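# What the coordinates show
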Amino acid sequence: MTYVLDAAANNAAWCDAMCRAHGLPGRFTSRAWTNPRRTPPYYPDAVTLTPDATAADVLDGIDPGPGASVKDSFATLDLTPHGFHVLFEAHWIHRPATQTGADGAVGWEVVRTPDALREWEQACFGGETQGLFPASLLAEASVLAGRRDGGIVCGSVLNGTGRVVGVSNVFADGCDLDSAWQGTVDQAAALFPGHHLVGYESDPEPAIRQGFTTTGPLRIWLNS
């Protein structure tokens, strides 16, 4: 349970960083992170931080109408009476901080400039999403790009909180997903030595192949 608590808190911190970058700061309580305004695409309006969080802890802090989403970090809520349904279920993942020996055919770098961030975002989302990652996020997290022949073929995001580093947005387009995960793990070990890795995946198998284990369930609820 310890690393699930760390993972939920880390993920809420990342959601808050994304929202602040869009001028939409959220609010932390002991049980939940919430945002009173609709958050950017792919990001929830609330994240529970403890297993005893209640529906009121999240719904009282958000606009609970159509389009609202809640990350139920411990799969303990029932939001059906409030008009929500389960959008998908996923698993928290955890890995000690050790290197894997990544594929040397992919060269890794930390994204440092707004132009490189736009290039990364286009690679991550297949050119469909632009402007989700404002340049101010570069001060909040380590955006990783894996290059081959000059182009970005994979990448991910790392955000550190306390003793853990959150792994998110792992993608591959031009190399295999295992290479993306291997490179991400190695970069995390170099950038955040001694920090355990946490995150969540609806399909944890690629992460498991790189030494992660699943540590608990979560649910994403949506009011549609």
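Residues numbered from 1 in each chain as written. Predicted model: local features only at pLDDT ≥ 70, side-chain atom pairs only at ≥ 80, totals over all residues. Heavy atoms only, no water.

### What about unusual backbone geometry?
The backbone of Asp 149 shows a phi angle near 55°, a positive value even though the residue is not glycine. Residue position: Asp 149 is located in the loop between strand S7 (142–148) and strand S8 (151–161). The phi angle at Asn 169 is positive, at roughly 55°, despite the residue not being glycine. When you line up the elements, Asn 169 lands in strand S9 (residues 164–172). Judged by its relative accessible area of 21%, Asn 169 is partly exposed. (Helix = DSSP H or I, 4+ residues; strand = E, 2+ residues; numbered from the N terminus. Buried < 20%, exposed > 50% of the residue type's maximum accessible area, 1.4 Å probe, protein only.)

### What to know about the pattern of salt bridges
The tally for this structure, following the rule as stated, stands at twelve salt bridges. For Arg 147, the salt bridge goes to Glu 109, with nearest N and O atoms at 3.1 Å. Here the residue Arg 147 occupies a position in strand S7, and Glu 109 occupies one in strand S6 (residues 107–110), the gap between them amounting to 38 residues. A salt bridge links Arg 118 to Asp 115; its shortest N-O distance comes to 2.0 Å. Taken together, the residues Arg 118 and Asp 115, both in helix H3 (residues 114–124) and three residues apart, mark about one turn of the helix. The exposure class of Arg 118 is partly exposed, given its relative accessible area of 47%. (Salt bridge = Lys/Arg side-chain N within 4 Å of Asp/Glu carboxyl O.)

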